[in-house]
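Okay, here's what each chain looks like letter by letter:
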Amino acid sequence: MAVPVAFFGLFFAYPVTAIVGRGLKAGGDWQFGRIGDVLARPDILDVLWFTTWQALASTALTLLIALPGAYVFARFDFPGKQLLRAVVTVPFVLPTVVVGTAFLALLGRGGLLDELWGVRLDTTVWAILLAHVFFNYAVVVRTVGGLWSQLDPRQEEAARVLGAGRFAAFRRVTLPALGPAVAAAALMVFLFTFTSFGVVQILGGPAYSTLEVEIYRQTAQLLDLPTAAVLTLVQFAAVGAILAVHAATVRRRERALKLVDPGQTSRRPRGPGQWALLGGVLLTALLLILLPLGVLVERSFDGSGGYGLGYYRALQSAGSGGSSTFLVPPLEAVGNSLRYALVATFIALVVGGLAAAALTRRAGRLVRGFDALLMLPLGVSAVTVGFGFLITLDEPPLDLRTSWILVPLAQALVGVPFVVRTMLPVLRAVDDRLREAAAVLGASPLRAWREVDLPLVRRAVLVAAGFAFAVSLGEFGATVFIARPDNPTLPVAVARLLGRSGELNYGQAMALSTILMLVCAVSLLLLERIRTDRSGEF
């Protein structure tokens, strides 16, 4: 536990505490009255209200659209099922900047809808809601569909034999069994949409602002640290409550159920109704997932002189189009992001692996508190972490403001929870008697881990590395503060290009987003090839 605790203490607790302290202190004294003053402001109340209701609306819309997909993947067998499963999962590992850019190309000025029907939905709440459904569709399909595929269908069939109708049998037999999984998926979607940043910043415009976006605005644009500190505490408290409810829901989900091999429950669709349902899910995947990504790719090739590689070639030169946005060619952001993500993945695997190993030793309340510590980066604004890095890691021996390692450290903070959640179930499944037998035969603890644990968890380590790499590659909230102008990452480069007017900047943003999407998609497909059923579901 020593290394993970030191890592989180130094690179998470210290920066966050420092930035909040600067906002709530005046003359060396804590000014807690500022909390009430900030929360009484009408503009802040509007932000809190919008953050909450858009997260609720996004969650409800995601469940409505994704639950039929969960059923189809759980119960139907059809050609291309595994490929489609991977395709619908791609949005989950995409950076939010790419998601926002894809929907901007579809719904924004000059987008597909604007060209065909003269309709623009950017800077409206509908664009935000649709992008959130796009991003979280796979969460519901994987979480609910994974359990649904293992429920014994004979239980529902027995209810129908006893006289229950199709809907009554589903409501009384299947739905209670799925209830905890549905609740867990809903809470996860609510968490992701409640803390939404990149999607709202790109699609919402000045009219819509979530807590995360407002923290960024108050910190980076207005330099109002007291307001940013209060909003950080509010978001931390809200997300902490969400995670507590989520943990309780997961514990409920672990009740005893009669589960079977997923292969026994999957069959080809029968009858017009089931074929229509399959067709509806395929059409939803086409319109909701493939269409925005396809439009994004199409816009990256559609230049003023026709289709070509003009925007991609422009990425090779700095200051193209008369812009001084970059000190280096934007294409260098690809190499920067890959290097940063690889280093961040290594850090996340070391810290997360040690943390998961510590959590397998059930040591009571101390370890449970340590487990909660690992989830804290999901409950604190990434903007706060990034700005905290700048104001705390600025003196020897930790003067890292000009060091390249600052970016991977921030990215690793987000990757560690994914590593822990992927490796922990597998490590807990390792029989302790194998380690004990190795020790009896004279193996040291290190050799016992290398000879016993590592072969059994190798696949889980690779899956964890894939998730950590994809998450690190797309991290934006903290990186936007600490990435140096001469070493931008892909998400930061896309945001800078979108922030400037001009057709060339827009086209380059589409091209960079396409590259970032392809890198994330390849990472996911590799992950799909190596995953096991036990560690591959999230």
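Conventions we followed
Residues numbered from 1 in each chain as written. Predicted model: local features only at pLDDT ≥ 70, side-chain atom pairs only at ≥ 80, totals over all residues. Heavy atoms only, no water. Helix = DSSP H or I, 4+ residues; strand = E, 2+ residues; numbered from the N terminus. Buried < 20%, exposed > 50% of the residue type's maximum accessible area, 1.4 Å probe, protein only. Contact = heavy atoms within 4.5 Å. Areas by Shrake-Rupley, 256 points an atom, 1.4 Å probe, with all protein chains shown as cover. Patch = residues over 30% accessible without salt bridge, like charges linked within 9 Å, V, L, I, M, F, W, Y side chains within 5 Å. Salt bridge = Lys/Arg side-chain N within 4 Å of Asp/Glu carboxyl O. Lys, Arg positive; Asp, Glu negative; His and termini not counted. Charge placed at Lys NZ, Arg CZ, Asp CG, Glu CD. Phe/Tyr/Trp six-rings, centres within 6.5 Å; stacked < 30°, edge-to-face > 60°.

**Side note on the overall build of the protein chain**
Here is step 1: Helix and strand content of the protein chain: 25 helices and six strands.
Here is step 2: For the protein chain, the proportion of its 538 residues judged to be buried stands at 51%.
Here is step 3: For the protein chain, contacts bridging at least 24 residues in sequence account for 79% of all contacts bridging at least 6.
Here is step 4: Of the roughly 23,800 Å² of accessible surface on the protein chain, a fraction of 63% belongs to carbon and sulfur atoms.

**Describing a positive patch on the surface**
Here is step 1: Taken together, the side chains of Arg-160, Arg-166, Arg-267 and Arg-270 define a basic patch exposed on the protein surface.
Here is step 2: Relative to the elements of secondary structure, Arg-166 occurs in helix α9 (residues 166–194).
Here is step 3: We classify Arg-166 as exposed; its relative accessible area is 54%.

**Regarding the pattern of salt bridges**
Here is step 1: In total, this model carries five salt bridges according to the counting rule given.
Here is step 2: Between Glu-214 and Arg-217 there is a salt bridge, with the nearest N and O atoms lying 2.8 Å from each other. Placement of both Glu-214 and Arg-217 in helix α11 (residues 211–221) is noted, with a separation of three residues, approximately one turn of the helix.
Here is step 3: Overall, Glu-214 belongs to the buried group, its relative accessible area being 3%.
Here is step 4: For Arg-299, the salt bridge goes to Glu-298, with nearest N and O atoms at 2.4 Å.
Here is step 5: On the basis of relative accessible area, Arg-299 is assigned to the buried category, the value being 7%.

**Notes on unusual backbone geometry**
With the exception of glycine, the majority of residues adopt a negative phi angle, and the majority of peptide bonds are in the trans configuration.
Here is step 1: A positive phi angle is found at Leu-223, which is not glycine, with a value near 55°.
Here is step 2: Within the secondary structure, Leu-223 sits in the loop between α11 and α12 (225–253).
Here is step 3: We classify Leu-223 as exposed; its relative accessible area is 62%.

**Things to note about the packing of aromatic side chains**
Here is step 1: Counted under the stated rule, the structure contains 15 aromatic pairs.
Here is step 2: Ring centres of Phe-73 and Phe-78 lie 6.4 Å apart, and the angle between their planes is 55°; this geometry places the pair in the tilted category.
Here is step 3: Given a relative accessible area of 9%, Phe-78 falls into the buried group.
Here is step 4: Ring geometry for Tyr-216 and Phe-481: centres 5.8 Å apart, planes at 75°, overall edge-to-face. Of the two residues, Tyr-216 is situated in helix α11 and Phe-481 in helix α22 (residues 479–482); the sequence distance between them amounts to 265 residues.
Here is step 5: According to the relative accessible area criterion, Tyr-216 is buried, its value standing at 16%.

**Thoughts on the environment of Arg-22**
Here is step 1: Position of Arg-22 among the secondary structure elements: in helix α1 (residues 2–24).
Here is step 2: In this structure the C-alpha to C-alpha distance between Arg-22 and Ile-391, which are 369 residues apart in sequence, comes to 9.9 Å.

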